[in-house]
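# Observations on the three-dimensional arrangement
If you want the building blocks of each chain, they are given just below.
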Amino acid sequence: MKLNLPKLLLGLTCLLIAIWLVAPTLVVIPMSFAGQKSLAFPPKGFSLQWYENFFTNPQWFGSLIVSAKVACMVAVVATVVGTMAAIGIERMKGRAGGLIRAVLITPMIVPGVVLAVGIYAVYLDTQLVGTWIGYVLAHTLLAIPFVVIAVGANLAVFDARLEIAAASLGASRLSTFFSVTLPLILPGILSGALFAFVTSFDEVIVSLFITSPQLKTLPVQIFSSMTRDADPTVAAVGSLIFLGTSVIIGLGLIFGMKGRRT
Amino acid sequence: MTLNTASKGAAIDIRGVSKTYGSFTALDDVSLRVEPGEFMSFLGPSGSGKTTTLNLIAGFTDLSAGEIRLDDRSIGNVPAHKRNIGVVFQHYALFPHMSVAQNVAYPLKQRGVAKTERARAVDQALQKVQLEHFSHRFPSELSGGQQQRVALARAMVFTPSLLLMDEPLGALDKKLREVLQLEIRRIHRELGSTFVYVTHDQEEALVLSDRIAVFNKGRIEQVGSGHQLYTRPETLFVGQFIGESSVLRGNHLTNGSDTALTVAGTTLIAPGQAQGDGAHVILLRPENLTVQPTGTGARDGATNIINGTVREMLYLGAAMKYEVTLADGSHVIARTPTQDEPFAIGSAVELAWNPKDGTLLADDGSTAGHEG
Ligand SMILES: Nc1ncnc2c1ncn2[C@@H]1O[C@H](COP(=O)(O)OP(=O)(O)O)[C@@H](O)[C@H]1O
Ligand SMILES: [Mg+2]
């Protein structure tokens, strides 16, 4: 059998790129089981103490709870607002809809630091720094684009003539929305909600600006821990988040695919 | 709430209705009355305003001018979902996330009909369209014809006094179309509701309707039974749109109570007076023409005679169809009973007909062809 050199090279290149993409993530996992308080790679020894520390230290576990609560609220608010916006934009034929869509999506394009400075300045005046509302508002801003895009994609394939048919069958606008429109764009709404949750859950830049010692999200806690000392708890958290987000994104993809099939 | 099962057809009164989109006039001062229980078809080429009229009746679009009355009640300000009008769309518009039974139950649910009554009405409606065994299927599991049957059941389950259908069979093949046409006719008889049916297929309109309104360029050209439209068209457009026809063009002169038209050097008589100074034509139906050997002359009152050459001859079983070219290059279609010795292609013939079988019409520039 002759060796197929181009094919071999192609395979090798792909393998290298794959390693390059996932290696940083995978490196964290062995480090989280380190036996000593060091972030060296490869780690020395084996222990579960960093996982234990994460779940027992209120600094760590408390910040996880804060992040989870904020992310849940963001998911709800961003999904409701983003869905309504997406529907409004879809109905607005012509240029106005496109313009509003562009405005809503800018938080995705504007550099995080720029946005963070702006938000921080406004929050100083309005005393929103380090508050629940502050986190939820800022993260919702960042999450709305994902909802608008996900729901918008679903609306683009939604047959609006079904709403006319529903009207002819005696359904009011509101009744039509809940019995026809909503069930048919639900896949887009659900994947939008998942993206919104994840966006908030691992947001770090804006959170760093608006954080306070009393109310800290998990990414902020990780960041400040990293800048203080080399605590492998960070690696334990990273591994857990990696696991969690993989599951959520996986679910999102499954929902997204379902939406496209129907 | 229970349903009024003994539904009676509603009367529709369309008065001076116009619809404009920006500077474009889609519907121009249309008036029409549809009688209770009548089967009325809107026939016309695509873009002639049929759907627009239907949408105005259903309340899907707003009037630009005029008034629409349903049983002597103006419905201009009644929103679509309160008009109680059944609508069947060409694209079925079934809810993909609901089963057949749920789709058909939908209008009943919206009306707050009790569950047991609902189930009974759904069963009955599905029986009417012969789909009682498909109630648990989803629309995606049905053929096009079955889907349209479900849509029909859904539109009539709440016994509306008016049913609107916009080219409901347009997406189906010819054979299925004919089967469903018969079903729609039967359902119309059984329900007693008024039906308004949009189509661009003149045969379909002839088969189904009590009366037909012929649409052209946002206006109604003529309203009448299929027979009236076929035998007494009031415009050249109607004459050409309904059935097969040939058109003779020439200069006209008044000749007593009739009109004489000079076509390719031959003078032909048509009944009636020309309207105005504009060009006029004679419209001929193929079955009214006799094809005979040159020089035969007038027989049995067929005093209009013109020479031509056989260009095409088609054997149709019980009949034969000739296409004859006249000296001015125009073509005339004639249908005759099957002859043992038909005229060969290229042979010189005479076309003869009784003057009263021709229709004198103002030349509105329309040309044959049923697709607009
Ligand atoms: N929403 C609309 N905006 C602009 N023009 C329209 C709209 N709806 C219909 N028209 C125009 O109105 C005319 C009549 O349309 P329609 O009633 O749908 O015709 P038909 O059903 O006889 O084919 C067409 O020329 C069509 O392009
Ligand atoms: Mg149409």
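Residues numbered from 1 in each chain as written. Chains lettered and ligands numbered in written order. Predicted model: local features only at pLDDT ≥ 70, side-chain atom pairs only at ≥ 80, totals over all residues. Heavy atoms only, no water.

### Re helix α6 (residues 132-156) of chain A
Spanning 25 residues, α6(A) covers 35 Å between terminal C-alpha atoms, matching the ideal 36 Å at 1.5 Å per step. A bend of about 35° at L142(A) is the largest found in α6(A), and the proline P145(A) appears one to four places after it. (Helix = DSSP H or I, 4+ residues; strand = E, 2+ residues; numbered from the N terminus. Expected span 1.5 Å × (residues − 1). Bend = angle between axes of the 7 residues up to and from the residue.)

### Describing the site of ligand 1
Residue and element names in this part refer to chain B. All residues in the neighbourhood of ligand 1 are listed as Y21, F24, A26, P45, S46, G47, S48, G49, K50, T51 and T52. Between an oxygen atom of ligand 1 and a main-chain N or O atom of G49, the distance comes to 3.0 Å. At a separation of 2.5 Å, an oxygen atom of ligand 1 approaches a polar side-chain atom of T52. Here ligand 1 has 560 Å² of accessible area as a free molecule, and 61% of this is covered by the chains. Secondary-structure elements contributing two or more residues to the shell around ligand 1 are β2 (24-34) and α1 (50-58). The greatest single-element share of the shell around ligand 1, amounting to three residues, is contributed by α1. (Near = heavy atom within 4 Å. Polar contact = N/O pair within 3.5 Å; in protein donor to acceptor, adjacent residues only side chain to side chain. Areas by Shrake-Rupley, 256 points an atom, 1.4 Å probe, with all protein chains shown as cover.)

### Focus on the pattern of salt bridges
Enumeration according to the criterion identifies 19 salt bridges over all chains in this entry. The shortest N-O distance in the salt bridge between D229(A) and K37(A) comes to 3.9 Å. Of this pair, D229(A) sits in the loop between α10 (218-228) and α11 (233-261) while K37(A) sits in the loop between α1 (5-31) and α2 (49-56); the two residues are 192 residues apart in sequence, bridging distant segments of the chain. Residue D229(A) is classed as partly exposed on the basis of its relative accessible area of 31%. The exposure class assigned to K37(A) is exposed, which follows from its relative accessible area of 52%. Each of D13(B), R15(B), R33(B), E35(B), E67(B) and R69(B) takes part in one network of salt bridges that share partners. (Salt bridge = Lys/Arg side-chain N within 4 Å of Asp/Glu carboxyl O. Buried < 20%, exposed > 50% of the residue type's maximum accessible area, 1.4 Å probe, protein only.)

### Here's the deal with the interface of chain A and chain B
In this complex, chain A contributes 17 residues to the contact, which on the side of chain B involves 20 residues. Roughly 1,500 Å² is buried in total at the junction of chain A and chain B, and carbon and sulfur atoms are behind 69% of that figure. Summed over the three residues of chain A that lose the most area to chain B, namely L162(A), S168(A) and L169(A), the buried surface amounts to 39% of that side. The tally of links from chain A across to chain B stands at zero salt bridges. In this assembly, chain A and chain B are joined by four residue pairs in polar contact (both at pLDDT 80 or more). For the side of chain A that touches chain B, the secondary-structure elements that each account for two or more residues are α7 (161-168) and α8 (173-201) of chain A. At seven residues, the largest contribution of residues to the side of chain A that touches chain B is made by α7(A). (Contact = heavy atoms within 4.5 Å. Buried area = accessible area lost by both parts, 1.4 Å probe.)

### Quick word on the sheet that holds strand β12 (residues 258-263) of chain B
Residue and element names in this part refer to chain B. If you trace the five strands from one edge of the open sheet to the other, you get β13-β12-β11-β14-β20, paired in antiparallel fashion. Across the chains shown, the open sheet's two edge strands, defined by having one partner strand only, are β13 (266-271) and β20 (359-362). The sheet shows a mean angle of 45° between the axes of neighbouring strands, taken without regard to direction. Direction of pairing for strand β11 (residues 246-255) relative to β12: antiparallel, over a ladder of five bridges. (Pairing = 2+ DSSP bridges. Axes fitted to C-alpha atoms, helices over the stretch in contact; angles between N-to-C directions.)

### Quick look at unusual backbone geometry
Although it is not a glycine, Q127(A) adopts a positive phi angle of roughly 55°. Of note, Q127(A) is situated in the loop between α5 (112-126) and α6. The backbone phi angle of E167(B) is positive, close to 45°, even though this residue is not glycine. Among the structural elements, E167(B) can be located in the loop between β7 (162-166) and α5 (174-191).

### Concerning the sheet that holds β7(B)
Residue and element names in this part refer to chain B. With respect to topology, six strands assemble into an open sheet ordered β6-β7-β8-β3-β9-β10, the strand pairing being mixed. Because the sheet does not close on itself, it has two edges, and the strands there are β6 (86-88) and β10 (219-224). The average angle at which neighbouring strand axes cross in this sheet is 15°, direction not considered. Across five bridges, strand β3 (residues 39-43) lies against strand β8 (residues 194-199) in parallel orientation. Note that in β8 the partner of M40 across the bridge is V196.

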